Amino acid sequence: MTSPTPSLNITGNAIEVRKLTVDYGARRILSNIDLDIPSGKVSVIMGGSGTGKSTLLRCILGLKLPTSGSIHMLGTDITTATTAQLYQLRKQTGVAFQGGALFSSMSVAENIQLALREHTNLDESTIQIMTRIKLDMVDMLHAEHLMPSELSGGMTKRAALARAIIMDPKLLFFDEPSAGLDPSTSAELDELILLLRDSLKMTIVVVTHELESAFKIADQISIMGKGIILATGTPEEIRASADPEVQGLLHRKPRETVVDTEAHLKALVGETS
Amino acid sequence: MIKALEKLGTEVLDGLEMAGRTCNLLLLTLWQMLQPPYRFYPIVRQMYFIGARSISLIIISGVTIGMVLGLQFYYILARFGSVNLLGQGVALGVIRELGPVMTALMVVGRAGSAITAELGIMRTTSQIDALECMAISPGKFMVGPKVIAGILSVPLLTHIFDFVALFGGYFVGVVMFSVPEGSYMNGMVDAVQWVDVRLGLVKSLIFGLLVTLICCAQGYYMHLTKAGSQGAEGVSFVTTNAVVLSSIAVLFSDFLIGALLP
């Protein structure tokens, strides 16, 4: 199993997180996180609910400033970057949010075209062609003129993916791509992620708690537990991990079973009275 | 007692923090709007939403308020035998005071609440985060067009309100109570000076800015308030807040402008 190296290796890693700490008031959400995301690979960040996965992703995306630590993305430290530098960097990244986050007042095609219209001077016909190419990649050509409210969960995620890849980003982020999808649609999305990695050579970061999906698509998996990274490695290395928390997550062990029911009930009554 | 003071202190600090954020949003938006590329269509779209779609409401409320004003002024002036001053009273009351204030309050109720709800929902569904991640400034894309449309639309709506309110006063005075048409019209023309029109214009410009800015800020910064984690209930909370705060801001700034520009 590999542990993140403390030195910065800009060429090999698309993202390097060092000593990242995030506090919400008095509550510590992330504690001294070190993480490397290798270029051109699919990296999965996994963990149970409340372990800080989404906060880590928000920090990496520059949507949340950490309390301390650094995040180098494509060579730029986003914790100290200016807004202009951050926006320049974001033109090279795409994000598919958990709920899609499609703009409800725009059609699917308009959602996808937005970044092209804002950041390029392409003519209308080129914009239309590029939109149709991306829609075809995610099998959504038929839904071009639909509004987000008319889409199913799976269609929303695929439309969000088409929007995320419209600028051919170097880095692509997925927040819970399989959440709320049926197994068949979820598997299709996994195939699509692998296709993007292989055909467009993108660095892909997936935040999920879906074990099956994670092991299917990942080149590297990082397991999170209560604000720290428990383990990072290839799927095989993670499977072989001796860490009991990692094994607990992999084998979906429930919380410690209540043995003494009477004592537990008494404790509960004591807590509430 | 100490708890009550603590709560009051917290409320005051929260209020000051929000006021600071609102000013920050204004400066940020102005700066970003000055950066190319310049897009005029979103402003026109917002002018249609804030301005054009408010016209029917402005006409109905303007006529009604003009009629009420004409009626009350007629009864009061009749006591002193001065009904020939009706045109002057209605015109000055509407152009200096009621036109800008009532128009702004109507815009708060019709468009302001919708602006807050729209931005609040965009915040809770990560649409604003998505804009940020696409390197599109939400200030320029979402807030700027609304604020500029508000600054342009409210004065135009105010002038429509003034016109129909004067007509309402005319209807009550001249048609219903047979006040001589000449005295009503001439009194109006003689009494209203450029400073009165200017005062109404300045007020409506400032109200347009205040209403749209406060409503935008309440929705945009929803995630930083207590309502941020409450989903739909949070959106409803910030929408109510936006309506209350912008109405108070309109009334208070009305007094300030009136005192500074007599």
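The structure displayed is predicted, hence computed values, not measured ones.

**What about the overall build of chain B?**
Within chain B, the secondary structure is distributed over nine helices and zero strands. Along chain B, from the amino end to the carboxyl end, the secondary structure elements read α-α-α-α-α-α-α-α-α. Expressed along its principal axes, the backbone C-alpha trace of chain B runs to roughly 65 × 55 × 30 Å. Per-residue burial over chain B gives 46% buried out of 262 residues. In chain B, of all internal contacts separated by at least 6 residues, the share reaching a separation of at least 24 is 85%. Summing over all exposed atoms, chain B offers an accessible surface of approximately 12700 Å²; the carbon and sulfur share of this is 72%. Charged side chains of chain B number 15 positive and 14 negative; the gap between the two group centres comes to 5 Å.

**Topic: the sheet that holds strand β9 (residues 220-225) of chain A**
All names here are of chain A. Here we have six strands laid out as an open sheet, ordered β6-β7-β8-β3-β9-β10, and mixed in their pairing. The two strands at the open ends of the sheet, each matched to only one other strand, are β6 (93-96) and β10 (228-233). Strand-to-strand twist of the sheet, defined as the mean angle between neighbouring strand axes without regard to direction, takes the value 15°. Sheet analysis places strand β3 (residues 42-47) next to strand β8 (residues 203-208), joined by five bridges and oriented parallel. Bridge pairing in β8 places Met46 opposite Thr208. Lying over the sheet, helix α6 (residues 183-200) contacts β3, β7 (171-175) and β8, oriented at roughly 160° with respect to β8.

**A closer look at the interface of chain B and chain A**
A common way to express how large an interface is: the accessible area buried when the components associate. Contact with chain B, which involves 18 residues of that partner, is made by 22 residues of chain A. Summed over both partners, the interface of chain B with chain A comes to about 1600 Å²; 61% of that surface belongs to carbon and sulfur atoms. Seen at the junction of chain B and chain A, the total is three salt bridges. Put simply, Arg39 of chain B and Glu118 of chain A hold a salt bridge, and the shortest N to O gap is 3.2 Å. Breaking the side of chain B that touches chain A down by element, the ones donating at least two residues are α5 (127-133) and α6 (138-176) of chain B. It is α5 of chain B that contributes the most residues to the side of chain B that touches chain A, six residues altogether. The residue makeup of the side of chain B that touches chain A, split by class, is ten nonpolar, four polar and four charged.

**Thoughts on the pattern of salt bridges**
In this structure the tally under the stated criterion is 20 salt bridges over all chains. In this structure, Glu124 of chain A engages Arg117 of chain A in a salt bridge whose closest nitrogen and oxygen atoms are separated by 2.9 Å. The partner of Lys134 of chain A in a salt bridge is Asp168 of chain A, with the nearest N and O atoms 2.5 Å apart. Of the two residues, Lys134 of chain A sits in helix α4 (residues 124-137) while Asp168 of chain A sits in the loop between α5 (153-165) and β7, which places them 34 residues apart along the sequence. For Lys134 of chain A, a relative accessible area of 6% translates into the label buried. Classification of Asp168 of chain A by relative accessible area gives partly exposed; the value is 44%. Each of Arg58 of chain A together with Arg123 and Asp129 of chain B takes part in a single network of salt bridges with overlapping partners.

Cut-offs used in this document
- Position numbers for residues start from 1 in each chain and track the written sequence from start to end.
- For this description, chains carry letters from A and ligands carry numbers from 1, given in the order in which they are written.
- Predicted model: local features are reported for residues with pLDDT of at least 70 only, side-chain atom pairs are reported and counted for 80 or more only, and whole-chain, interface and lining totals are derived from all residues.
- The side-chain figures draw on all heavy atoms in the structure; neither hydrogens nor water molecules are used.
- Here a helix means four or more residues in a row that DSSP labels H or I, a strand means two or more in a row labelled E, and each is numbered from the N terminus.
- For each residue, the accessible area found with a 1.4 Å probe, counting protein chains only, is set against the maximum for its type, and the residue is called buried under 20%, exposed over 50%, and partly exposed in between.
- Only heavy atoms matter for contacts: two residues are in contact if any of them lie within 4.5 Å across the pair.
- Accessible surface is estimated by sampling points in the Shrake-Rupley manner with a 1.4 Å probe; for residues, cover comes only from the protein chains shown.
- Asp and Glu count as negative and Lys and Arg as positive, but His and the ends of the chain are not part of the count.
- Every charge is mapped onto a representative atom, which is NZ of Lys, CZ of Arg, CG of Asp or CD of Glu.
- For two strands to pair, DSSP has to find at least two bridges joining them.
- Geometry is summarised by axes, namely lines fitted to C-alpha atoms with helices restricted to the contacting stretch, and by angles between N-to-C directions that run from 0 to 180 degrees.
- As a working definition, buried area equals the accessible area (1.4 Å probe) given up by two parts on being put together, with both sides summed.
- The term salt bridge refers to a pairing of a side-chain nitrogen on Lys or Arg with a carboxyl oxygen on Asp or Glu at a separation within 4 Å.
- Each residue gets one of three labels, nonpolar for Ala, Val, Leu, Ile, Met, Phe, Trp, Tyr, Cys and Pro, charged for Asp, Glu, Lys and Arg, and polar for the others, Gly among them.

None of the figures reported here should be taken as evidence of function without further support.
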